[in-house]
Amino acid sequence: MDLGLSGKAAIVTGASDGIGKAAAYRMAAEGASVALVSRTRSDLEAVAAEISGETGSTVIAAPADVSNEDAVKNAVESAAEQLGGIDILVNNAGTSSASSFEDMTNEQLDIDFSLKVKGAIYMTRYALPYLKESDSSAICNTTTPGGKAAAGSSQPTSLSRAAGISLTKAWSKEFGEYGIRVNTVCVGVLKSRQHRIRWEAANAKEPSYTLEDHWATFGPGVPLGRIGEAQEAGDVIAFLCSPAASYVSGAAVNVDGGAAPVY
């Protein structure tokens, strides 16, 4: 299926691995030029070279800590200059942080909101003027089903993701007059760097515990019986940001194998 992304320019945060990398790859494979945003330049440059080499599309590194507004401003302006504008913004930066209310610290709360909520706000603030100039623009935020139906001891992630879903709906109404569509993918458990790190710690204690053993532990909690692949979320993001989804805005789409108790 041709998503109609050829010639579009996208900027993706949290793009050095996982969902961000997968979304960037799919959009580049569809002919879009892509700016990758994350903290570490060397990681981004390696991923940019990999995706560009495999797809033939222009892929650049735009390193920034999205919780730093000045760094975001510089990264967005640099990306827009190099790519000739911005048609698509994917606010994907974030990681899981969960504890009980009584154990949650102010530092944990501040870090989580600075990365996931303020980071998305800063990126959108500086990308918005470019998105307004596009004739087919879209924003996609990465959140989780926990932002709709929080489990116990899921703070601060469930809290910040609920804020991300709220921003999505508000922005879809505010930016609609400019033709900018805004959606969010609510991702469940997927193969990711943080889960690999947890496996490495477990494997160090028990060498017979393989990565496949680790992935299999997630199956019982998912109706489809398996953990998801990052590319499965990346493909949905690319679709929502494409002209193929031209009348979809304000939606919060679960990508979780059916695990969420809510739509």
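This structure is a prediction, so every number in the text was calculated from the model and none was measured.

Caption draft 1: Spatial organisation of helix 8 (residues 230-240). Among all positions in helix 8, only A230, A233, G234, I237, A238 and L240 are buried. What you see down the axis of helix 8 is that its buried residues fit within an arc of 165°, all on one side. Residues of helix 8 that are buried in the fold lie against helix 1 (18-29), strand 4 (88-91), strand 6 (137-143), strand 8 (180-187) and strand 9 (252-255).

Caption draft 2: Region of the structure containing the packing of helix 3 (residues 69-83) against helix 4 (residues 106-133). Running from N to C, helix 3 and helix 4 point in directions that differ by 30°, and their axes come no closer than 9 Å. The angle between the axes of helix 3 and helix 4 places the two elements in the roughly parallel class. Here helix 3 runs over helix 4; the crossing is right-handed. Within the contact between the two elements, helix 3 uses E69, V72, K73, V76, E77 and A80 and helix 4 uses Y122, M123, R125, Y126, A127 and Y130.

Caption draft 3: Expanded view of the packing of aromatic side chains. Under the counting rule described, the total for this entry stands at two aromatic pairs. Judged by centre distance (6.4 Å) and plane angle (40°), the ring pair of W215 and F218 falls under tilted. Taken as a pair, W215 and F218 share a single burial class, namely buried. Seen from the ring of Y178, K132 lies directly overhead, with NZ or CZ sitting 4.3 Å from the centre.

Caption draft 4: Region of the structure containing the pairing of strand 6. Most of strand 6 is tucked away, with seven of its seven residues classed as buried. What you see with strand 6 is no split at all: S137, I139, N141 and T143 on one side and A138, C140 and T142 on the other are buried throughout. Pairing between strand 4 and strand 6: four bridges, direction parallel. What sits directly across from V90, in strand 6, is C140. Pairing of strand 6 with strand 8 involves seven bridges; the strand directions are parallel. Bridge assignment links N141 to a residue of strand 8, and that residue is T184.

Thresholds, definitions, all that
Residues numbered from 1 in each chain as written. Predicted model: local features only at pLDDT ≥ 70, side-chain atom pairs only at ≥ 80, totals over all residues. Heavy atoms only, no water. Buried < 20%, exposed > 50% of the residue type's maximum accessible area, 1.4 Å probe, protein only. Helix = DSSP H or I, 4+ residues; strand = E, 2+ residues; numbered from the N terminus. Arc of directions from axis to C-beta. Contact = heavy atoms within 4.5 Å. Axes fitted to C-alpha atoms, helices over the stretch in contact; angles between N-to-C directions. Parallel < 35°, antiparallel > 145°, perpendicular 65-115°, else oblique. Left-handed = near helix turned anticlockwise from the far one by under 90°. Phe/Tyr/Trp six-rings, centres within 6.5 Å; stacked < 30°, edge-to-face > 60°. Lys NZ or Arg CZ within 6 Å of the ring centre and 35° of its normal. Pairing = 2+ DSSP bridges.

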